[in-house]
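Spelled out from the first residue to the last, the chains are:
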Amino acid sequence: MTRRVVVTGVGMVSPLGNSAAESWEGIKAGKNGIAPITRFDATGFPVTFAAEVRNFDPLPWIPKKEIKKMDLFIQYAVSAAFMALEDAKLAINEANAERIGVIVGSGVGGLPAIEEYHKVLLEKGPRRVTPFFIPMVITNMASGNISIMTGGRGPNSCTSTACATGVHAIGDSFRVIQRGEADAMIAGGAESCICATAVAGFAAARALSTRNDDPAHACRPFDKDRDGFVLGEGAGILILEEYEHAKARGAKIYCEVVGYAMTGDAFHMTSPPPEGEGAQRCMKKALEDAKMKPEDIGYINAHATSTMADAIETKAIKAVFGAHAYKLAVSSTKSMTGHLLGAAGGIESVFTAKALEEGMLPPTINLENQDPECDLYCVPNRAEKREIRAALKNSFGFGGTNATLVMRKI
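(A) Representation of the overall build of the protein chain in the model. Looking only at helices and strands, one finds 13 helices and 14 strands in the protein chain. In terms of overall dimensions, the protein chain has C-alpha extents of about 65 × 55 × 40 Å along its principal axes. Taken over 410 residues, the protein chain has a buried fraction of 60%. Across the protein chain, every contact between residues at least 6 apart in sequence was considered, and the portion connecting residues at least 24 apart equals 79%. Taken as a whole, the protein chain presents about 15700 Å² of accessible surface, with 54% of it coming from carbon and sulfur.

Take a look at the structure:
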């Protein structure tokens, strides 16, 4: 019999707050986390704004001497992981350490550290490059440091599938528990690449909004006037746990993870196929895995990044859900957080779990002139109270990689 998997803890660092609770309150209030860049001097850049994490202090979670060894994406991941474990009231000890694992991914890894120490190398020479440079930048060190610092000795891995990273990490962790290889997993994504190189690169690719005169209204998924995504940062972590294990210790349960799928477009480096064929297959396979019908889903937390691809995701949803597509709610929390790349699926899965728990639909803010090609109910501008039994989370990434999770109330 396949083991059931539930969510028992959540942790987060985001542009809306330095905890899951604060970030979720920001989502319900339609708070905007986008503002001019402070991380570096963006004067002269085509884009001068982003969704930065503010007032972050890792000291409650990470010893001071360890902080300098970690790039910011690792600090976010470790902090969010400890918050999630605390929320789950799950203590890792000698008795259970080998049954608790970690899969936390990053799409980009330590790009700011690469940028910084390349400059050090050129200006001051190779002897001035820190010995911690490599562990600061490689993507698996989010998972690695979480394992080291929490003591979890179960499966330890890292996904890096661009913007689908967080959902792939959660889905892969779901499979690990289903197979009986662990009783609990620390899963999600982390990212921090608001640096000159990343902004210049994404801007050169014409992927970013250039609404420099109005950052607060720059991220507008499904809106006819959208002109690109807004770069964000942070970490979203879930504690996934085998159902009977969670019940036996009296854990609070947010929801159950019941389906997962991943597919490939085999189409283009950065663009999905016009009808969203890969996304269609991914959603269908996730529903099949969950043994659910399209009519069972009440809410979709969309990938929708505020680019032209929002219309393609809408087409894919309509192809999969048929007439029911017009009865469910679809929203993009990226309208408030920006696009956290590898961390997006992590924080958005937390928001999806909270939506199920509280019966609250997150809004899509800045939806002022809805694109006729994005004609589903996108929860415009205000959160809405509505009981939902099951929800679906989409994440898609460069390289044509797709990921879908299905969650339900328990």
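Still more ground to cover, so stick around.
(B) Local environment of the sheet that holds strand β7 (residues 234-242). The ten strands are arranged β5-β4-β6-β7-β1-β8-β14-β13-β9-β10 in an open sheet whose pairing can be described as mixed. The sheet is open, and its two borders are formed by β5 (156-157) and β10 (329-331), each paired with just one other strand. When strand β4 (residues 100-105) meets β5, the two strands line up parallel, connected through two bridges. When the bridges of β5 are listed, Ile 103 appears paired with Ser 157. Here helix α11 (residues 309-321) sits on the sheet in contact with β9 (299-301), β10 and β13 (390-397), set at roughly 140 degrees to β13. On the sheet, helix α13 (residues 344-358) packs against β1 (5-13), β6 (184-191), β7, β8 (255-264), β9, β13 and β14 (401-408) and is oriented at approximately 170 degrees with respect to β13.

(C) Structural context of the nonpolar core. Ranked by internal contacts, the top residues of the largest apolar core, which has 46 residues, are Val 7, Leu 238, Leu 240 and Met 407. Here the element with the most residues in this core is α13; it accounts for seven residues. The contacts of Leu 238, once residues within four sequence positions are left out, are Val 7, Gly 9, Val 10, Ile 170, Met 185, Ile 186, Ala 187, Gly 346, Ser 349, Val 350 and Met 407. In terms of nonpolar packing, the next biggest core, distinct from the first, is built from 32 residues, Val 53, Tyr 76, Val 104 and Ile 146 among them.

The rules we used
Residues numbered from 1 in each chain as written. Predicted model: local features only at pLDDT ≥ 70, side-chain atom pairs only at ≥ 80, totals over all residues. Heavy atoms only, no water. Helix = DSSP H or I, 4+ residues; strand = E, 2+ residues; numbered from the N terminus. Buried < 20%, exposed > 50% of the residue type's maximum accessible area, 1.4 Å probe, protein only. Contact = heavy atoms within 4.5 Å. Areas by Shrake-Rupley, 256 points an atom, 1.4 Å probe, with all protein chains shown as cover. Pairing = 2+ DSSP bridges. Axes fitted to C-alpha atoms, helices over the stretch in contact; angles between N-to-C directions. Core = buried A, V, L, I, M, F, W, Y, C linked by side-chain atoms within 4.5 Å.

Functional significance is not addressed by these values, which are geometric in nature.
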